[in-house]
Each structure stands twice: as structure tokens, then as C-alpha cells.
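An overview of the molecular structure
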Amino acid sequence: MKLITIIGPTASGKTSFACRLAYLTGGEILSGDSRQVYRGMDIGTGKDLADYVVDGKPIPYHLIDIRNAGERYNIFEYQHDFHDAYSDIVSRGVQPILCGGSGLYIESVLKGYRLLEVPENPALRESLKDKSLAELTEILKGFKTLHNSTDVDTAKRAIRAIEIETYYAENGAKANDYEPIDSLIIGVDIDREARRRRITERLKARLDAGMVDEIRGLIDRGVAPDSLKYYGLEYKFVTQYVIGELSYSEMFSGLEIAIHQFAKRQMTWLRGMEKRGFNIHWIDYSIPDDEKCRMVMQLKF
């Protein structure tokens, strides 16, 4: 069974489309979202689990709710978990459908990135803990050219990046070594204004659905606020509101802007995949899901 991959920015309707396609093909969904792996983080990550029941039929899904909130998860682990689930689905002769908006996660499995597992280095972390972000950035530049600012957004991320580069320089390591996967890739195309409107509508709906209570409940169950902030977007801003660092209006406006910026970065990444050799068939978001599915099945079958 050839993998079908459905990609697109947040609020583009990927999940309902993928679930409808799974319903029509007897397929199963593999999540390509870096935050939906966490249990109890449902509303803020947009799991939309109701979409996984189509015409009364539950759609099997994988790589959702496989880690506890507060834990860390990375691409190395995702590759391993993805291939375990993917191999199982294919072995049963079932149609696998990968769906998500975490471009790096999706690209890592489609291209077969060779990634190394890097353990923590307490001594190195101790030696770096009092250095400024500027100093850490200069240290990291000694290892590699910084093509983007992701690794130096915060001192914590910069220290982890230095830790990884130090390990690469000093040690051999066992790598995830997977073959690239040939996939029919469908991109859900949504224009900027529609995307912005849907993001705002969805943010209001998630807040009305209890996103603040969800995050307050995670904190009450012992998940540290800093751990929730680490996940970014909803979990960063709503946690800041819950612990009194932001007012409600500050939280809403800041989060709304951050999600718009995130969606723009998603589209930049997904468009960049085409430049990196991926053939993406773009389908307009406004086309009904049944029609989208018909178009995909014509491409595939």
C-alpha cells in the first residue's frame, strides 16, 4: 500500500479530510503532529478526536496520546514510533494515511533522515548555565552555521543545541537509519485571509470548549508550568494567563498573533518541501471532503 500524506497549515481542515479518506479506503491515520503525542493535551493541540468517527465508524489512529504531558519528545523518537506503526499497518494490508502540519516530522520520515540519539550531558549543562544567550549563540556558531534562529530562541534551546553538537563531535552514535518512503502527497491549500479567519474562529471555539480548564487541570495534576510553556503557542500563552503572568486579553491577542505567525511558517516549510524535491498535489481547502477524496483516489488508483 502506497502511503498517502496529507499536509497543510493549522486550521486548513486536514484532519476531517484525512479521516474521510480513511473511511472510504479502509485506512488508518498516522499523526504527523509534534504535540498530539501528549496525553491530556487535547484541546490545545487540536486533536479533534470527534473527526475520527465518520458516519458512526471509528477511524483507527496512531501516534496520538503516546507520551505523558510534561515529557519531552523529539524527531528521533518520532521516526522510531512512526515506523513501528507504519510497518504494522502495511503488514495488515491496510491503507496508511499520514496527516499533520509538523513539516520537519513529516519530512524526516518521507526522506528517511539519519538521526542520532543524543543523551543529556549534565556537566556540560552546568558549565553553560550562567552564560548569556549571546554567549551561547557564539559557542554554537563554533560548531555550525546557523541557518535559522530556532536553536537560539532561548538559552535552554541553545544549550541543548550545543549539547547535541558536542556529542556529534566527540562520539559515535547509533542512528535511526530508515529508507525514504514513496508517498502520494496532498497539500491542503488555503488562502491567507481564509486561514486567518479560521484560526481566530477556532481559537475562540477552543477557549469556549475549556482550553483554560484543560491547562489548569494539567498544572493541578503536577505538570510544571515551565514544561507546558515549552510546548509553545496555546500551552505557553494560556499557562501564562493561568499563573497570572498575562491578562485574558493579553493572552488572547498574543496567542492569536503567534498562531498566525506559526501558520505562515508552516506554509513556508511546506512550500520549501517542493524545492527539496517533493511532488505535492495541492487541493483547495474549500472543496468538500468527499470531492477531495475522489480527487485523491483518482490520483492514486
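Residues numbered from 1 in each chain as written. Predicted model: local features only at pLDDT ≥ 70, side-chain atom pairs only at ≥ 80, totals over all residues. Heavy atoms only, no water.

1. Concerning the overall build of the protein chain
Along the protein chain, the regular secondary structure elements total 12 helices and 12 strands. Here the protein chain has a C-alpha radius of gyration of 20 Å; the compact-globule value for 301 residues is 19 Å, and the two agree. Along the first, second and third principal axes, the C-alpha atoms of the protein chain reach 55 × 50 × 35 Å. Looking at the 301 residues of the protein chain, the share that counts as buried comes to 48%. Taking the contacts inside the protein chain whose residues are at least 6 apart along the sequence as the reference set, 74% of them involve residues at least 24 apart. Taken as a whole, the protein chain presents about 14600 Å² of accessible surface, with 49% of it coming from carbon and sulfur. In the protein chain, 41 side chains carry a positive charge and 45 a negative one; their mean positions are 3 Å apart. (Helix = DSSP H or I, 4+ residues; strand = E, 2+ residues; numbered from the N terminus. Rg over C-alpha atoms; globule rule 2.2 N^0.38 Å. Buried < 20%, exposed > 50% of the residue type's maximum accessible area, 1.4 Å probe, protein only. Contact = heavy atoms within 4.5 Å. Areas by Shrake-Rupley, 256 points an atom, 1.4 Å probe, with all protein chains shown as cover. Lys, Arg positive; Asp, Glu negative; His and termini not counted. Charge placed at Lys NZ, Arg CZ, Asp CG, Glu CD.)

2. Details of the nonpolar core
Membership of the largest hydrophobic core comes to 51 residues, with the highest contact counts inside it found for L3, L30, Y78, F82, L98 and L255. For this core, the elements supplying multiple residues, two or more each, are β1 (3-7), α2 (75-91), α3 (103-111), α7 (192-208), α8 (211-220), α10 (233-242) and α11 (248-275). Of all the elements, α11 adds the most residues to this core, at nine residues. In this structure L3 touches L30, F82, Y86, Q95, P96, I97, L98, L110, I181, D182, S183 and L184, once residues within four positions along its chain are discounted. (Core = buried A, V, L, I, M, F, W, Y, C linked by side-chain atoms within 4.5 Å.)

3. Focus on the packing of helix α1 (residues 14-25) against helix α12 (residues 289-300)
Packing of α1 against α12 leaves a shortest axis separation of 9 Å and a crossing angle of 60 degrees. If you check the angle between α1 and α12, you find them oblique. You can see that α1 and α12 cross each other, and the crossing is right-handed. Taken together, the residues of α12 that come into contact with α1 (itself represented by S16, F17, R20, L21, L24 and T25) are D289, D290, K292, C293, V296 and M297. Here the contact of α1 with α12 is composed, by residue class, of six nonpolar, two polar and four charged. (Axes fitted to C-alpha atoms, helices over the stretch in contact; angles between N-to-C directions. Parallel < 35°, antiparallel > 145°, perpendicular 65-115°, else oblique. Left-handed = near helix turned anticlockwise from the far one by under 90°. Nonpolar A, V, L, I, M, F, W, Y, C, P; charged D, E, K, R; others polar.)

4. A word on the environment of A69
In this fold, A69 is placed in the loop between β7 (67-68) and α2. Spatially, the C-alpha atom of A69 lies 5.8 Å from that of R39, the residues being 30 residues apart in sequence. Setting aside residues no more than four positions away along its own chain, A69 makes contact with Y38, R39, M41, L218, V223 and Y231.

5. Some words on the environment of L218
With respect to the secondary-structure elements, L218 resides in helix α8. Sequence-wise, L218 and G40 are 178 residues apart; in three dimensions their C-alpha atoms are separated by 7.4 Å. In this structure, L218 is in contact with G40, M41, A69, V223, L228 and Y235, ignoring residues within four places of it in sequence.

6. Quick notes on the pairing of β1
With respect to burial, β1 is a largely interior element, five of its five residues being buried. Going residue by residue along β1, you find L3, T5 and I7 tucked away on one face and I4 and I6 tucked away on the opposite face as well. Relative to strand β11 (residues 183-189), β1 runs parallel, the two being bridged by five bridges. Bridging across to β11, T5 finds its partner in I185. Of the strand pairs in this sheet, β1 and strand β8 (residues 96-100) are connected by four bridges, and their pairing is parallel. Looking across to β8, one finds that I6 is bridged to C99. (Pairing = 2+ DSSP bridges.)

7. What to know about the side chain of K47
By secondary structure assignment, the location of K47 is in the loop between β3 (38-39) and β4 (53-54). A polar contact of 3.4 Å, which involves the side chain of K47, links it to the backbone oxygen of M41. Once residues within four sequence positions are removed from consideration, K47 is found in contact with T15, Q36, Y38, R39, G40, M41, D42, Y52, I64 and D65. (Polar contact = N/O pair within 3.5 Å; in protein donor to acceptor, adjacent residues only side chain to side chain.)

8. Some remarks on α8
For an α-helix, 3.6 residues make a turn, and residues three or four places apart therefore share a direction. The set of residues buried in α8 consists of M211, V212, E214, I215, G217 and L218. Positioned one or two residues after α8, G222 has a phi angle of 105 degrees, which is positive.

9. Side note on the pattern of salt bridges
Pairing is possible between side chains that carry opposite charge, provided their charged atoms lie close to one another. In total, this model carries 26 salt bridges according to the counting rule given. In this structure, the salt-bridge partner of E163 is R125, at a minimum N-O distance of 2.9 Å. Pair noted here: E163 is in helix α6 (residues 155-170) and R125 is in helix α4 (residues 122-128), with a separation of 38 residues, a long-range link. The exposure class of E163 is buried, given its relative accessible area of 2%. On the basis of relative accessibility, which here comes to 30%, the residue R125 falls in the partly exposed class. (Salt bridge = Lys/Arg side-chain N within 4 Å of Asp/Glu carboxyl O.)

10. With respect to the sheet that holds β1
Spatially, the six strands line up as an open sheet ordered β6-β2-β8-β1-β11-β12, and their pairing is parallel. The open sheet has two edge strands, β6 (61-62) and β12 (280-284), and neither has a second partner. Here strand β2 (residues 28-31) runs beside β6; their pairing, made up of two bridges, is parallel. Note that in β6 the partner of I29 across the bridge is Y61. In this fold α2 packs onto β1, β2, β6 and β8, with an angle of close to 170 degrees to the strand it touches most, β2. In this fold α11 packs onto β1, β11 and β12, with an angle of close to 135 degrees to the strand it touches most, β12.

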